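Notes for the structure review
Next come the chains, spelled out residue by residue.
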Amino acid sequence: MMIMGSDFRQIISKLLLNRTTSDLKKDYDDHTKSHSHPTLGQLSLFITWIFAVILYFIFTIRKRLKLQSAVAMISTDDAENKLTETEMQCNGNIKQENGKESRENKVLAVPGATPTFQQFLGNISLLGLVLFYFYLCDYVKILPATKKVYSRDVFLFLIFLLFLVAACFVRKTKPIILNRDQTEEWKGWMQVLFVWYHYYAAKEWYNWIRLYIASYVWMTGFGKSFCNRSSH
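Residues numbered from 1 in each chain as written. Predicted model: local features only at pLDDT ≥ 70, side-chain atom pairs only at ≥ 80, totals over all residues. Heavy atoms only, no water.

Axis separation between helix α5 (residues 152-167) and helix α6 (residues 180-200) bottoms out at 12 Å; the angle between their running directions is 160°. In terms of their interaxial angle, α5 and α6 are classed as roughly antiparallel. By crossing handedness, the relation of α5 to α6 is classed as right-handed. Mapping the contact onto sequence places F155, L158, I159, L162, F163 and A166 in α5 and W189, V192, L193, W196, Y197 and Y200 in α6. For the contact of α5 with α6, the per-class residue count stands at 12 nonpolar, no polar and no charged. (Axes fitted to C-alpha atoms, helices over the stretch in contact; angles between N-to-C directions. Helix = DSSP H or I, 4+ residues; strand = E, 2+ residues; numbered from the N terminus. Parallel < 35°, antiparallel > 145°, perpendicular 65-115°, else oblique. Left-handed = near helix turned anticlockwise from the far one by under 90°. Contact = heavy atoms within 4.5 Å. Nonpolar A, V, L, I, M, F, W, Y, C, P; charged D, E, K, R; others polar.)

If you want it as structure tokens, here you go:
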């Protein structure tokens, strides 16, 4: 009876295990096949993005029309008798508009400054465009998935091109060890190498990538700790 009981338990456990495994295989999505039906969350984000794009174009068109109408009204009022005065007013208004835009750009250049609603809609539109491209490539898969092929010569050639392009944009920084500009540049190089490592499946560079990740995390913490110091 003990043997039959243990065998029965093994049979039940195998049946449950096989059922669970089959269910997992059925529900598992390895993202190698294209998807034709968007999810509810994707539809919600898409509708929100379209609404933001429409609002952005409405605000932009209204601003341009208002500026053009103001310039046209000033240029047509008393054109014969007050030509000089009209030109001065037009130049003053144009300078005022340019000054206003430059002040807005200066305000946005300040860290922590709040952008205008139109600029916020522009940023949302640009972000949505990038996400929509990701949706087409990763979810719908307009580009077919292929097997990753690694070539050491190609990989080293790309690294050489990276350093060659970086050498064309060399500029002077503060004479301080591990200053902010220097660490940000190193982190940018490592981000490019992270992407190339996964894109080409360069497994032989695994130890180097682990070292780069550790250095990246350390420099990020170092930068956050000294971000309020003017010397860094």
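Moving on from the coordinates now.
For the rest of this paragraph, the subject is a nonpolar patch on the surface. A surface patch of nonpolar side chains, about 910 Å² in accessible area, is lined by L126, L127, L129, V130, L131, Y133, F134, I142 and L143. By secondary structure assignment, the location of L127 is in helix α4 (residues 117-140). Owing to a relative accessible area of 48%, L127 belongs among the partly exposed residues under this scheme. (Patch = residues over 30% accessible without salt bridge, like charges linked within 9 Å, V, L, I, M, F, W, Y side chains within 5 Å. Areas by Shrake-Rupley, 256 points an atom, 1.4 Å probe, with all protein chains shown as cover. Salt bridge = Lys/Arg side-chain N within 4 Å of Asp/Glu carboxyl O. Buried < 20%, exposed > 50% of the residue type's maximum accessible area, 1.4 Å probe, protein only.)

Attention now goes to the pattern of salt bridges. Within the structure shown, the criterion is met by three salt bridges. Between E184 and R180 there is a salt bridge, and its shortest N-O distance comes to 3.2 Å. A residue pair is termed a helical-turn pair when its members lie 3 or 4 positions apart in one helix, as E184 and R180 do in helix α6 at four residues. Residue class for E184 comes out partly exposed when judged on its relative accessible area of 38%. R180 gets classed as partly exposed once you look at its relative accessible area, which sits at 28%. E184 is paired through a salt bridge with K187; the nearest N and O atoms lie 3.6 Å apart. With E184 and K187 both in helix α6, this residue pair falls three residues apart, about one helical turn. Linked by salt bridges that have partners in common, R180, E184 and K187 make up one network.

Attention now moves to the nonpolar core. One finds F155, I159, W196, Y197, A202, W205 and I209 to be the most contacted residues of the largest nonpolar core, which totals 13 residues. Looking at this core, the elements with two or more residues in it are α5, α6 and α7 (206-225). Sort the elements by how many residues they give to this core and α6 lands first, with five residues. The residues contacting I159, other than those within four sequence positions of it, are L193, W196 and W205. (Core = buried A, V, L, I, M, F, W, Y, C linked by side-chain atoms within 4.5 Å.)

With that settled, consider the packing of α6 against α7. Working note: a packed helix pair is described by the angle between its axes plus the distance between those axes. Where α6 meets α7, the axes come as close as 10 Å, and the angle between the chain directions of the two elements is 145°. In this structure, α6 crosses over α7, and the sense of that crossing is left-handed. The segment α6 lies against α7, with R180, T183, W186, K187, M190, Q191, L193, F194 and Y197 engaging Y206, I209, Y212, I213, S215, Y216, M219, T220 and G223. Residue classes in the contact of α6 with α7 are distributed as 11 nonpolar, five polar and two charged.

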